[in-house]
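Breakdown of the fold
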Amino acid sequence: MNTSVVTSRLRQFAAQFENRTTPFYFYDTALLRQTLHEVTTAARAHDFHVHYALKANAHPEILVLVREAGLGADCVSGNEVQRAIDCGFDPSHIVFAGVGKTDAEIKIALHHDIFCFNCESLQELEVIAALAAAQGKQARVALRINPNVDARTHHYITTGLEENKFGIGLHEIGEVIALFKQHKHVQCMGLHVHIGSQITDLNVFRALCTKVNRLQQLFALYELPLPHLNLGGGLGVDYHHPDEKPVADFAAYFEIFAKFIERRPGQQIHFELGRSVVAQCGSLISRVLYVKKGLQTNFAVLDAGMTELIRPALYQAYHKIEVLHSGEGEVQKYDVVGPVCESTDCFAKALELPELRRGDLVALRTAGAYGEVMVSSYNLRQRGETLFSSGL
Ligand SMILES: *Cc1c(COP(=O)(O)O)cnc(C)c1O
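Not measured: the values here are computed from a predicted model.

**Details of the domain arrangement of the protein**
Here the domain parsing of the protein yields domain 1 (29-279) and domain 2 (281-391). Relative to domain 2, the C-alpha centre of domain 1 lies at a distance of 33 Å. Across the interface of domain 1 and domain 2, roughly 2,100 Å² is buried in total on both sides, 55% from carbon and sulfur atoms. Summed over the three residues of domain 1 that lose the most area to domain 2, namely Thr29, Tyr239 and Ala279, the buried surface amounts to 27% of that side. Taken together, domain 1 and domain 2 are joined by one salt bridge.

**Examining unusual backbone geometry**
Note on backbone geometry: most residues besides glycine have negative phi, and most peptide bonds are trans. The linkage connecting Thr22 with the following residue, Pro23, adopts the cis geometry, with an omega of -5 degrees. Positive phi is not limited to glycine here, since Gln198 has a value of about 55 degrees. Within the secondary structure, Gln198 is located in the loop between strand S7 (186-192) and helix H8 (203-221). Although it is not a glycine, Gln316 adopts a positive phi angle of roughly 50 degrees. Turning to its location among the elements, Gln316 is positioned in the loop between helix H11 (311-315) and strand S12 (321-323). Since its relative accessible area comes to 66%, Gln316 is described here as exposed.

**Section: the pairing of strand S10 (residues 282-292)**
Where strand S1 (residues 24-27) lies against S10, four bridges are found, and the strand directions are antiparallel. Bridging across to S10, Phe24 finds its partner in Ile285. In terms of strand pairing, S10 meets strand S15 (residues 361-364) through four bridges, oriented antiparallel. The residue bridging Ser286 from the neighbouring strand is Val362, located in S15.

**Describing the site of the ligand**
Neighbouring the ligand are 15 residues, the closest being Lys55, Ser197, Glu272, Arg275 and Tyr370. Asp74 places a side-chain nitrogen or oxygen 3.2 Å from a nitrogen atom of the ligand. At 2.9 Å, a backbone N or O of Gly234 approaches an oxygen atom of the ligand. Protein burial of the ligand: of its 390 Å² of free accessible surface, 95% is covered by the chains. In terms of residue class, the shell around the ligand is made up of four nonpolar, six polar and five charged.

Cut-offs applied
- Residues numbered from 1 in each chain as written.
- Predicted model: local features only at pLDDT ≥ 70, side-chain atom pairs only at ≥ 80, totals over all residues.
- Heavy atoms only, no water.
- Domains from an automatic or database assignment.
- Buried area = accessible area lost by both parts, 1.4 Å probe.
- Salt bridge = Lys/Arg side-chain N within 4 Å of Asp/Glu carboxyl O.
- Helix = DSSP H or I, 4+ residues; strand = E, 2+ residues; numbered from the N terminus.
- Buried < 20%, exposed > 50% of the residue type's maximum accessible area, 1.4 Å probe, protein only.
- Pairing = 2+ DSSP bridges.
- Near = heavy atom within 4 Å.
- Polar contact = N/O pair within 3.5 Å; in protein donor to acceptor, adjacent residues only side chain to side chain.
- Areas by Shrake-Rupley, 256 points an atom, 1.4 Å probe, with all protein chains shown as cover.
- Nonpolar A, V, L, I, M, F, W, Y, C, P; charged D, E, K, R; others polar.

Following this line, the structure appears as structure tokens:
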């Protein structure tokens, strides 16, 4: 068991969880504000621009705090573009990526005059050009290049290898550049790369810089200016120690790029961070429904499952499970499972926890990113509420 003296930030709120209907998502607003302060301070030191990736958590209250901190918005659907605008983001701070943008989504983004499309194929560029021409507009487009860099993260969240579906392959670059040169309704804004998520080895970003530097040299040969570089997101967080390291090391992350990217004169550098901004401020709060004694291990059946937090079932992700009672009982081993009729609906196996009883509250920590946005109604489950510490 972890006997470290670091106390959980969550305990101070536990008394106020007691009479609520579970499961629910809880967000520590103060921690989010602190994280936003640290990311913006670290980025400003290098004149870097940060766009928040809405897909990590698109809750309006979170988006308003993100916008007030001065971040832009990185969207992957027309509805996300609309949500960002509804939450007050200036269209000139919105970028739009995704391998499968529909015509309707492209039209929404053109209508709002967003800052930039991150275009993922030659055919998509042709469609954007045609739709922009029909609206009498010029679309600003960055090319998402697949840089073939291994993010060394779980293979389900790796996006920058040749075998992945994302981005334009280098073999198509000649045609893409020709299209920019002929078509006056598309303007090349620069390059975009995003190689994966939950990247904890900063050497990966250094390798990315090397690739991007080479790409820039290639584009220089074609005399296509690249006023912007968008280097994506992917910075990981510490799922094992949410209280020891509640804020990711943004300074070290940006430092790598500041050191290794060959920045051209006047070039603007952008990032798209999702997980590292919102993961640690969120927890899924659940109650123990039943404890079943097993032969080797016991089962703790929670009232939250893969329908509330799918990451363990989807990509074998780890979330620290914290028991919110005082924890006096004897330590026992539990398989901590949800109520959904799927064997993958399991949060942890043979986990040592202080003795659990029916009705005990537990928290699944570091659930602010890719948690509530993926809630589903499978098994016709009821959607839980959302609580902010600022609202308590
Ligand atoms: C998901 C995504 C991000 C954010 O990734 P994180 O790992 O959450 O920082 C950034 N850019 C694009 C294009 C994405 O799809």
